[in-house]
Amino acid sequence: MLETNTMFVTDESGNEKEMEILFTFEDEEKGRKYVVFADHEDEGEEVFASAYDDEGNLMPVETDEEWQMIEEVIGAFQEDEGAEE
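All values reported here derive from a predicted model rather than from experimental measurement. (Residues numbered from 1 in each chain as written. Predicted model: local features only at pLDDT ≥ 70, side-chain atom pairs only at ≥ 80, totals over all residues. Heavy atoms only, no water.)

A. Main features of the sheet that holds strand E4 (residues 48-52). Read from one edge of the open sheet, 5 strands run E1-E2-E3-E4-E5, paired in antiparallel fashion. At either end of the open sheet lies a strand with only one pairing partner, and these are strand E1 (6-10) and strand E5 (58-59). Note: strand E2 (residues 16-27) against strand E3 (residues 32-38), 7 bridges, orientation antiparallel. In the strand pairing of E3, Glu20 is matched with Ala38. (Pairing = 2+ DSSP bridges. Helix = DSSP H or I, 4+ residues; strand = E, 2+ residues; numbered from the N terminus.)

Quick look at the structure:
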């Protein structure tokens, strides 16, 4: 799944959508891997995140603590991207 810059997810309606992988990272403390992605067809700024396993299966983010950590990583990524422009 993470060998390319795109992946497919299924939405609530059962429709498969192609998403652009923005970046991946690992929380070594908790031993979980995360992928941050966006709908490349949507012009909005919305990004999504999910945990994933070694086989590339997506898993839900389970706690508010995890979401807070992910939001901090996304914020740092966006700052880095802005610095490069």
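B. Seen up close, the pattern of salt bridges. Enumeration according to the criterion identifies 5 salt bridges in this entry. Residues Glu66 and Arg32 are paired through a salt bridge, measuring 3.0 Å at the closest nitrogen-oxygen approach. Taken together, the residues Glu66 in helix H1 (residues 64-84) and Arg32 in strand E3 connect sequence positions 34 residues apart. In this structure, Lys33 and Asp54 form a salt bridge, with 2.5 Å as the shortest nitrogen-oxygen distance. (Salt bridge = Lys/Arg side-chain N within 4 Å of Asp/Glu carboxyl O.)

C. How the structure looks around the side chain of Glu66. The exposure class assigned to Glu66 is buried, which follows from its relative accessible area of 5%. Of note is the side chain of Glu66, whose polar atom sits 3.0 Å from the side chain of Arg32. Look past the residues within four positions of Glu66 in its chain and what remains in contact with it is Arg32, Tyr34 and Val61. (Buried < 20%, exposed > 50% of the residue type's maximum accessible area, 1.4 Å probe, protein only. Polar contact = N/O pair within 3.5 Å; in protein donor to acceptor, adjacent residues only side chain to side chain. Contact = heavy atoms within 4.5 Å.)

D. Geometry of the packing of aromatic side chains. Enumeration over the complete set of coordinates arrives at 4 aromatic pairs. Ring geometry for Phe23 against Phe25: centres 6.0 Å apart, planes inclined by 35 degrees, an arrangement best described as tilted. In terms of burial, Phe23 and Phe25 fall into one category: buried. Note on Phe37 and Phe48: the rings are 5.7 Å apart at their centroids and 25 degrees apart in plane angle, and the pair reads as stacked. Taken together, the positions of Phe37 in strand E3 and Phe48 in strand E4 put the pair 11 residues apart, joining distant regions of the chain. For Phe37, a relative accessible area of 6% gives the class buried. Among the aromatic residues, those joined into a cluster by ring pairs are Phe23, Phe25, Tyr34 and Phe77. (Phe/Tyr/Trp six-rings, centres within 6.5 Å; stacked < 30°, edge-to-face > 60°.)

E. Inspection of the pairing of E3 at higher detail. Counting buried residues in E3 gives 6 out of 7 residues, a clear majority hidden from the surface. Linking E2 back to E3 in an antiparallel pair, the connection comprises 4 residues, with Gly31 at a positive phi of about 70 degrees. Alignment of E3 against E4, held across 5 bridges, turns out to be antiparallel. Bridged to Lys33 within E4 is Tyr52.

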